[in-house]
Amino acid sequence: MTLFDGELSPPFEILEPAVWRAPIIFNSPHSGSVYPDEFLSASRIDLPALRRSEDSFMDELIGGLSDHGFPTVRVNFPRSYVDVNREPYELDPRMFSGRLPSFANTRSMRVAGGLGTIPRVVGDGQEIYRERLSVDDALARIEALYKPYHRALRRLINKAHQAFGTVVVVDCHSMPSIGVSRDEPRRPDVVIGDRYGTSCAPLLADMVEETMRRLGYSVGRNKPYAGGFITEHYGNPASGLHTVQLELNRAIYMDERRRERSARFAQVMSDFAILAEALAAVPLDDLGPFQAAAE
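Residue positions are given per chain, counted from 1 along the sequence in the order it is written. Reporting of local features is limited, given that this is a predicted model, to residues whose pLDDT is at least 70; pairs of side-chain atoms are given and counted only at 80 or more, and all residues count toward the totals for whole chains, interfaces and linings. Hydrogens are left out, water is left out, and the side-chain values use all remaining heavy atoms of the structure.

### Here we look at the overall build of the protein
Working step 1: A count of helical and extended segments in the protein gives 8 helices and 11 strands.
Working step 2: For a compact globule the rule gives 2.2 Å times the number of residues to the power 0.38, and the radius of gyration it is set against comes from C-alpha atoms. For the protein, the C-alpha radius of gyration of 19 Å lies close to 19 Å, the compact-globule estimate for 295 residues.
Working step 3: Across its three principal directions, the C-alpha atoms of the protein cover 55 × 45 × 40 Å.
Working step 4: For the exposure calls, accessible area comes from a 1.4 Å probe over protein chains only, and a residue counts as buried if that area is under 20% of its type's maximum, exposed if over 50%, partly exposed in between. For the protein, the proportion of its 295 residues judged to be buried stands at 54%.
Working step 5: Between two residues, a contact is recorded if the distance between any of their heavy atoms is within 4.5 Å. A sequence separation of at least 24 residues applies to 79% of the contacts in the protein between residues at least 6 apart.
Working step 6: Surface exposure here means Shrake-Rupley accessible area, sampled with a 1.4 Å probe, where a residue is shielded only by the protein chains that are shown. Here the protein has roughly 13700 Å² of accessible surface; of this, 51% comes from carbon and sulfur atoms.
Working step 7: Placing the 34 positive and 40 negative side-chain charges of the protein at their respective mean positions leaves the two points 4 Å apart. Strands are runs of DSSP state E lasting at least two residues, helices are runs of H or I lasting at least four, and both sets are numbered from the N terminus onward. In this tally, Asp and Glu contribute negative charge and Lys and Arg positive charge; neither His nor the terminal groups of the chain are included. By convention, the charge on Lys lies at NZ, on Arg at CZ, on Asp at CG and on Glu at CD.

Below, the structure is given as structure tokens:
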């Protein structure tokens, strides 16, 4: 790290317990709230508007799990600056002065929606920048922030996989209590995303749903969030690599308008510890890796 030393140092943090309770990693990629001065200067919207994209306090809700034997990962820079839950080069050519590299993915649905690796808009659709960015600026952010985070996450996943033979990444997010579309039905308290059954063993998603329902939460599956790049990229159940995304309704634990923790915050934090223990109780033999059936 040289480009962002100071303001964004460290860009992310991994709290790893001395002794792992189970090969379960809790990850918070969108709770970062350290906004570089040059980013704020370049933005046409103010800080409260930028913060609408944050999964505020999600890192705190899972932070204590490292004391219970579960490693946690938190990103400190905001997703509106660099979004690590995207491919490394999902970039919108309309945002930049100069030509993007040929390997950039300029046609993904996320880019079309303004929510690429360097987002064009915040969560409610407001444009972020006053002027076009330089391509070099975008590539520098990816090299200095995005890539080191994914290298560190991959190392942590590999460490667990080698030690236990399997690993579960719980990718933790929060969602606004009300969707952008008026036609969208009322959102549940929790949405489980497993890429429609492809990113983790079914018994893991079932365990999450059963545990959260028992704790009094309403639960949905894959709608409106089935899981992003992290869920898809790191999930390979046949190899014993499982990822499941959790979207927690913000109204459950915070005042969305004031962006303050609510009275239920401590209870939700306690419930995450219960969920972690429930996942740790799943027998490792049931999580692979699995041998392909003989022809």
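### Side note on empty space enclosed by the protein
Working step 1: Cavity and pocket criteria rest on a 1 Å grid covering protein atoms alone: a 1.4 Å probe that fits but cannot get out defines a cavity, protein on both sides within 12 Å along at least 5 of 7 lines defines an open pocket, and an atom within 4 Å of a point defines a lining residue. Grid points are joined across faces, edges and corners, and a volume is the space filled by probe spheres set on the points. Enumeration over the complete set of coordinates arrives at 1 cavity of 30 Å³ or more.
Working step 2: One number sums up the size of the largest cavity: a volume of about 40 Å³.
Working step 3: If you trace the largest cavity, you find it lined by Ala22, Pro23, Ile24, Val168, Leu279, Ala280, Val282, Leu284 and Leu287.

### A closer look at the pattern of salt bridges
Working step 1: Note on definitions: salt bridges are taken to be side-chain nitrogens of Lys or Arg within 4 Å of carboxyl oxygens of Asp or Glu. Taken as a whole and assessed by the stated rule, the structure comprises 20 salt bridges.
Working step 2: For Asp92, the salt bridge is made with Arg94, and the minimal N-O distance between the two is 2.8 Å.
Working step 3: One salt-bridge network, held together by shared partners, links Asp92, Arg94, Arg120 and Glu127.

### Brief notes about the state of the cysteines
Working step 1: Counting rule for disulfides: a pair of cysteine sulfur atoms within 2.5 Å. Taken as a whole and judged by the stated rule, the model has 0 disulfides.
Working step 2: Here Cys172 is not cross-linked by a disulfide; its sulfur's nearest cysteine counterpart is in Cys200, at 13 Å.
Working step 3: Taking the relative accessible area as the measure of exposure, Cys200 reaches 2% and is therefore buried.

### Quick word on the environment of Arg79
Working step 1: Assignment of secondary structure puts Arg79 in the loop between β3 (72-75) and β4 (96-97).
Working step 2: It is 13 Å that separates the C-alpha atoms of Arg79 and Leu8, two residues lying 71 residues apart in sequence.
Working step 3: Ignoring anything within four residues of it in the chain, the contact list for Arg79 reads His30, Ser53, Arg86 and Pro119.
Working step 4: Each polar contact in these results corresponds to two N or O atoms within 3.5 Å; when the atoms are within protein, one needs to be able to donate a hydrogen and the other to accept it, and residues that are neighboring in sequence are counted only if both atoms are side-chain atoms. One polar contact links Arg79 to Asp83, side chain to side chain, over a distance of 3.4 Å.

### Quick look at the nonpolar core
Working step 1: For the purposes of this section, nonpolar cores are sets of buried Ala, Val, Leu, Ile, Met, Phe, Trp, Tyr and Cys residues that join through side-chain atoms within 4.5 Å. Judged by nonpolar contacts, the single largest core of 44 residues is most densely connected at Phe96, Ile118, Tyr149 and Ile157.
Working step 2: Going through the elements one at a time, α2 (47-50), β3, α5 (135-164), β6 (167-175) and α7 (229-234) are the ones with two or more residues in this core.
Working step 3: Once you skip the residues sitting within four places of it in the chain, Phe96 turns out to touch Leu91, Ile118, Arg132, Leu133, Ser134, Val135 and Ala138.
Working step 4: Counting 38 residues, the second largest nonpolar core, distinct from the first, contains Met58, Ala201, Met212 and Val219.

### What to know about the pairing of strand β2 (residues 24-28)
Working step 1: Most of β2 is tucked away: 5 of the 5 residues are buried.
Working step 2: For β2 and β6, the ladder comprises 4 bridges, and the chain directions are parallel. Pairing of Ile25 across the sheet is with Val169, part of β6.
Working step 3: By definition, two strands form a pair when at least two bridges between them are found by DSSP. The pairing of β2 with β3 spans 3 bridges and is parallel. In the sheet register, Ser28 faces β3, and the bridge partner there is Arg74.

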